[in-house]
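Working through the structure, step by step
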Number of protein chains: 2
Amino acid sequence: MSTLSDLQTRLDEASADYEEFASRGLKLDITRGKPSPEQLDLAADLLTTVTGDDAFTPSGVDTRNYGGLEGISELREIFAPLLRVPSDQLLAGGNASLTFMAQALTFALIHGSAVDDRPWGHGPHKLLCPVPGYDRHFTLAESLGFELLSIPMDDQGPVIAEAQRLADDPAVKGMWLVPMYSNPTGITITEQRARELAAMPTAAVDFTLLWDNAYGMHHLREEHPDNLDILSLCAEAGNPERAWIFASTSKITHAGAGVSFFGGGPATVDWMVSNLGKVAIGPDKINQLRHLRFFSDSAGVEAHMRKHAEIIAPKFDAVLSALEKGLGPDSLARWTRPDGGYFITLTTMEGIADRVVKLAAEAGVKLTPAGATHPYGLDPSNSIIRIAPTMPSLEEVELAAQGLVACVRLASYEKLVAG
Amino acid sequence: MSTLSDLQTRLDEASADYEEFASRGLKLDITRGKPSPEQLDLAADLLTTVTGDDAFTPSGVDTRNYGGLEGISELREIFAPLLRVPSDQLLAGGNASLTFMAQALTFALIHGSAVDDRPWGHGPHKLLCPVPGYDRHFTLAESLGFELLSIPMDDQGPVIAEAQRLADDPAVKGMWLVPMYSNPTGITITEQRARELAAMPTAAVDFTLLWDNAYGMHHLREEHPDNLDILSLCAEAGNPERAWIFASTSKITHAGAGVSFFGGGPATVDWMVSNLGKVAIGPDKINQLRHLRFFSDSAGVEAHMRKHAEIIAPKFDAVLSALEKGLGPDSLARWTRPDGGYFITLTTMEGIADRVVKLAAEAGVKLTPAGATHPYGLDPSNSIIRIAPTMPSLEEVELAAQGLVACVRLASYEKLVAG
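Report follows, based on the coordinates. (Residues numbered from 1 in each chain as written. Chains lettered and ligands numbered in written order. Predicted model: local features only at pLDDT ≥ 70, side-chain atom pairs only at ≥ 80, totals over all residues. Heavy atoms only, no water.)

**A closer look at the pattern of salt bridges**
In the structure shown here, the tally under the stated rule is 36 salt bridges over all chains. In this structure, D41(A) and R64(B) form a salt bridge, with 2.7 Å as the shortest nitrogen-oxygen distance. Taken together, the residues span two chains, with D41(A) in helix α2 (residues 37–41) and R64(B) in the loop between α2 (37–41) and α3 (73–83). Notably, a salt bridge pairs R293(B) with D54(B), separated by 3.3 Å at the nearest N-O pair. With R293(B) in helix α10 (residues 285–295) and D54(B) in the loop between α2 and α3, this pair connects stretches of sequence that are 239 residues apart. D54(B) gets classed as partly exposed once you look at its relative accessible area, which sits at 37%. A cluster of three or more residues bridged by salt bridges with shared partners is formed by D41(A), D62(B) and R64(B). (Salt bridge = Lys/Arg side-chain N within 4 Å of Asp/Glu carboxyl O. Helix = DSSP H or I, 4+ residues; strand = E, 2+ residues; numbered from the N terminus. Buried < 20%, exposed > 50% of the residue type's maximum accessible area, 1.4 Å probe, protein only.)

Next comes the structure, spelled out in C-alpha cells:
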C-alpha cells in the first residue's frame, strides 16, 4: 500500500510528465469514429465504376431514373450472406443507416409496428440503452420522444436479467444494440446471450431489437467471430419480427457516400417498404451500382475489409500498448481490447473522466466528452472514456495515446492524493 | 345543337376510331413525370467528375468522409440565386426533396416549428391542398396524420378567399404549393397571389407555405417567368419564417441520384439543421461535388435546362396538337398549355375521367388513375386527367395522345347519348 508521500511523489511526476506533453503544443483529435484518408483511398476506384454509357444493372434497371424502393437486387444479394439476412428481406438504402433508424422508429411511433398497429407514440414509449453505448442512438431516440433506460453490459452483451426486468413494462418498445464490436466497448454479443434476447418475455408484443450491425465486417484480426443469424434466433423463439437489422458501407467504402441496409422479418420488411413508399422516392441506385461493380461479390467485400484492418490494427495496437505501458503497472485504469470495430473504451477511477477529458483538451488532445456514451450524456460513474484511433495517422495516434496516459495518470494521482 | 341521331352517329364514329386504335395492340405509358433516357444522357459527364484522386471541394472539404449537414457551400451558392434563397439559408441534401419534406413535417409534428415550439402532432393538424395537385404531397401528409383540405386553383394560383377562410382554423398548419409550372396544371402563381399568401392572416402563428419549387428551372420556352422571391415577400409581410422551400436536381441531372435543397427564413434553417443533426449524418457530399463540377456555375444550370427543353417541348407540343385537333372542334374537353414543368392537365366532361382511364388502359395507353390529383384520390368532378409526356419517345407520345383523344371522344359521346 502506498503511503501518502509515495502518492505525492507520483503526482509530482505525473504533473511534470503532463506539463512536458502539454508544452509540445500538439493538436490531436481522437473523438469520432471516422475512417482515415488512407482508408477512403481504398475505395478510390469505386467512384468511376459507373459512367454515362453504362448505368444499367445486370438485370436491366436504369439506375439514373426513379424507382426501386428496395434498392438494386444484385447489391442486396452480395450483402445478404455477409449480414445473414435473406436477400429478399434486406433493403439497400441511401448513404446512412441512421436515416433508416429514424424512419423505422418514426413509422412505429405514427403507425405501430409490423406486429401491432397501435402507434408507439400514442402512449409512453421507452427504449433500453446498453451502456456504454453509441451517442447517436441515444440522441436520435431522445429527439423522437423516447425515454431512455440504461442497462449494463457485461463481456457477453447486455445483462439479460436487467433487460427482462425493464421489458416487463409495456412502454418499453425495444433495445438498442451494436451486436459486433460494440460502440464503444468492442464487445461482441455471444450466441447464447443473443438467443436469450430473442426469446426474452416482454410486456410489449412488438418489443424490438434495434440490431445495429455497424461493424459486422470490421475485423482487426484474421481470427474473428461470425455474424449471428439473429433473424433465425428470433424466429426459433417464436418472435420472427423482433429484430430490425441496420448496417452500412460507411466504414467500408466512403463514410459520407456509402450504402445503408435494413433487414428484418418478412412482415417487418413489407411494413418498412409500405411506409417508405409514402415518405421516400427511393435510394440513389447509381451509387448502389458503383458498389456492386466495385465489390463484384461477397468475397470482394471481405477482401476489402482486410485492407482496412492492415491500416487500422496498428493504430489500435499503438493505443493498447501505450495504455499497458503507462497505466498497467500502477493499475490506474482498465480498458477493452477489441478485435474489431472503431473504438476502445477506457475505464478510469470513478469520478475523474471529465477531468481527464479537460486535461487532454488543454494539452491538445481532443477526446469525446465524458458521458457521451450514456443516455442524456450522463455517466453516473464519470469513468468512461471512448477512444477512436482510426482517423489520425499512426504517429498522431501514438502521440495522442501518450498524452491520454499522462492525463489519466495526473487525474488519478490527484484523486488518490486528495483521498 | 346536336340532335340525338347526330350524337349517335358521332358515338358510332368514336367507337370505331377507338376500336381501330385498340386493335393496334400498343403498350404506352404516360403516367409519371419521369425524364426520358435521352434527358438522363445530358448529365452523362457528371458521373465521372469526381475521382479518387480529387474528391475535395474548392474550400478543402474531403467529400468522402463524414460531416457537413448543410451540404457543400459551393453548390449551395450556385443554386441560391436560381431558387432565390440566400446561400446561407439554403441546405443541400440527399437525392430526394421528398425526404426533406418528410423530415421537416415530422420535426414540426414532434417539436413544433421555428416560430412556435408547440408540436403540431399534439392536436389536430391539417394542410391545405390546392387541387388538382401532386399525389405524393397528399400521400406523404396523410401518412403523417394530417387531414387534407382541398382548395381550388384558378389561373393565378390557389383561390385566396378560400385559403383564408380555411386558415382561420388553428389546426390548419400550412399549404402545399408548387409555385411554378404546378403539378399537374402547369400554372405559375402570380406575384400578386404569392404576396397575398405571404400576408394572409392565419389562426396558426406558424402557418407554413410548403413551397415545392420542383420545376423552377424547367422552362419549355425561351420567354419564361422568373422564380418569385417568396422569402422576401414573406418577410415584407411580417412573416419571415412562413415559407419552406423545396427543390431538387432530380429532373435536372439524374432522377434517382440528384441533389435536393431546403430553404427558409433564418430561424427555420437553424431549426432544420438543429433537428437534422439528431436524425441524420449528412448528405452524400461526393454527389454534391459531382454536381458542382458538372455545372460550374448558375449559368451552367440554365444552359443545361435549355437542352432539356429541346427534348421535351416537342412532346408537349405533340400532345397539345393532338388534343386541339381531336377534341377542340367539338369542345369535348379543355386542357392546360404549360410553358414548363412535366404535366398537362386535361379536364373532361364531368363524371367520365375514370371511364377514359379505363378505356385507355384497355387500348394499351396507361394513364395516371383518375382522382390521383386530389386528396384521398377522390376527384369529386371525376373530370381531371394528368398527362405526363416526358418519358416516352416523341413517336410514342404522339400515339398515346392519339389514343387518349379516341378515349375521350368515345366516353364523351357515350355520356352525351346517355343524356
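From this point, the discussion proceeds with the structure in view.
**Considering the sheet that holds strand β9 (residues 260–264) of chain B**
All names here are of chain B. The strand order across the open sheet formed by 8 strands is β2-β9-β8-β7-β6-β3-β4-β5, and the pairing between neighbours is mixed. Strands at the two margins of the open sheet, each flanked by one partner only, are β2 (90–92) and β5 (157–158). Note that strand β7 (residues 208–212) and strand β8 (residues 243–248) share 4 bridges and pair parallel. Looking at β8, one finds that W211 is bridged to I245. (Pairing = 2+ DSSP bridges.)

**Some thoughts on the interface of chain B and chain A**
Across the contact, 48 residues belong to chain B and 48 residues belong to chain A. Counting the surface lost from both chain B and chain A, the interface buries some 4,000 Å², and carbon and sulfur atoms represent 58% of this. Of all residues in chain B, L47(B), R64(B) and Y66(B) give up the largest surface area on contact with chain A, accounting jointly for 18% of the area buried on that side. Across the contact surface, chain B and chain A share 2 salt bridges. At the boundary of chain B and chain A, one finds 16 residue pairs in polar contact (both at pLDDT 80 or more). Looking at which element gives the most residues to the side of chain B that touches chain A, the answer is helix α4 (residues 97–111) of chain B, with 6 residues. For the side of chain B that touches chain A, a count of residues per class yields 21 nonpolar, 17 polar and 10 charged. (Contact = heavy atoms within 4.5 Å. Buried area = accessible area lost by both parts, 1.4 Å probe. Polar contact = N/O pair within 3.5 Å; in protein donor to acceptor, adjacent residues only side chain to side chain. Nonpolar A, V, L, I, M, F, W, Y, C, P; charged D, E, K, R; others polar.)

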